[in-house]
Amino acid sequence: QVQLVESGGGLVQAGGSLRLSCAASGGTFSIYTMGWFRQAPGKEREFVATISWNRRTYYADSVKGRFTISRDNANNTVYLQMNGLKPEDTAVYYCAAAKSGSSVFVRSYYYDYWGQGTQVTVSS
């Protein structure tokens, strides 16, 4: 069983930054595709960013140029650096892992494991 634990969420003013972390255990992290999703109150969960085993990345248009996804395979950790935060970024952010690491994935269907989420709140 693979376990993912997110951390780093919190309250920040618009224009500020946060760095989310996702620690993985119980699997072969280095060959997984990793992703970040978010869910705001009353809305569907949406794709944010993804990174493959060889560090190919892809971002949602809404965060492109502001967010950066990265991974540290030695520590089984994926990060989401969020800069220039906006109130519309407020959501619970979820880390996800896909056992197939050959590509980047934007659909939830491709991910096999999910974390419990961490709250990000951006005030105006």
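Look a little higher up for the structure.
Thresholds applied
- Residues numbered from 1 in each chain as written.
- Predicted model: local features only at pLDDT ≥ 70, side-chain atom pairs only at ≥ 80, totals over all residues.
- Heavy atoms only, no water.
- Helix = DSSP H or I, 4+ residues; strand = E, 2+ residues; numbered from the N terminus.
- Rg over C-alpha atoms; globule rule 2.2 N^0.38 Å.
- Buried < 20%, exposed > 50% of the residue type's maximum accessible area, 1.4 Å probe, protein only.
- Contact = heavy atoms within 4.5 Å.
- Areas by Shrake-Rupley, 256 points an atom, 1.4 Å probe, with all protein chains shown as cover.
- Lys, Arg positive; Asp, Glu negative; His and termini not counted.
- Charge placed at Lys NZ, Arg CZ, Asp CG, Glu CD.
- Pairing = 2+ DSSP bridges.
- Axes fitted to C-alpha atoms, helices over the stretch in contact; angles between N-to-C directions.
- Disulfide = S-S within 2.5 Å.
- Salt bridge = Lys/Arg side-chain N within 4 Å of Asp/Glu carboxyl O.

Q: Can you break down the overall build of the chain residue by residue, with the values?
A: From N to C terminus, the chain includes zero helices and eleven strands. Going from N to C terminus, the chain has its helices and strands arranged as β-β-β-β-β-β-β-β-β-β-β. Against the globule reference of 14 Å for 124 residues, the chain gives a C-alpha radius of gyration of 13 Å, in line with a compact fold. Sorting the 124 residues of the chain into buried and exposed places 43% on the buried side. The contacts in the chain between residues at least 6 apart in sequence include a share of 60% that link residues at least 24 apart. Taken as a whole, the chain presents about 6,400 Å² of accessible surface, with 46% of it coming from carbon and sulfur. The averaged location of the 8 negative side-chain charges in the chain is 5 Å from the averaged location of its 12 positive side-chain charges.

Q: For the sheet that holds strand β7 (residues 67-72), give the residues involved together with the corresponding values.
A: In a beta sheet, neighbouring strands are held together by backbone hydrogen bonds and run either parallel or antiparallel to one another. As summarised here, the arrangement of the four strands in space is β1-β3-β8-β7, forming an open sheet in which the pairing is antiparallel. A single partner strand is all that each edge strand has here, and the edge strands are β1 (3-7) and β7. The mean angle between the axes of side-by-side strands here comes to 15°, regardless of whether they run parallel or antiparallel. In this sheet, strand β3 (residues 18-25) lies alongside β1 in antiparallel orientation, the contact comprising five bridges. Among the inter-strand pairings, E6 is bridged to a residue of β3, identified as C22.

Q: Could you give an account of unusual backbone geometry, with specific residues and numbers?
A: Phi at R55 is positive, roughly 70°, even though this residue is not glycine. Its place among the elements puts R55 in the loop between β5 (46-51) and β6 (57-59). For R55, a relative accessible area of 45% translates into the label partly exposed. For N76, which is not glycine, the phi torsion reads 50° and is therefore positive.

Q: Got a sec to walk through the state of the cysteines? Specific residues and values, please.
A: Here, the word disulfide means a covalent bond between the sulfur atoms of two cysteines. By the definition in use, this model includes one disulfide. With its sulfur 2.1 Å from that of its partner, C22 forms a disulfide with C95. Note on the C22 and C95 pair: the S-S dihedral is about -80°, so by sign convention the disulfide is left-handed. You can see C22 sitting in strand β3 and its partner C95 sitting in strand β9 (residues 91-98), a full 73 residues away along the chain.

Q: Got a sec to walk through the pattern of salt bridges? Specific residues and values, please.
A: Pairing between side chains of opposite charge can happen when their charged atoms approach one another. The full count for this structure, using the stated rule, is four salt bridges. Ionic pairing is found between E46 and R38, a salt bridge with its closest N-O pair at 2.7 Å. Via salt bridges that share partners, R38, E46, R66 and D89 belong to a single interconnected network.

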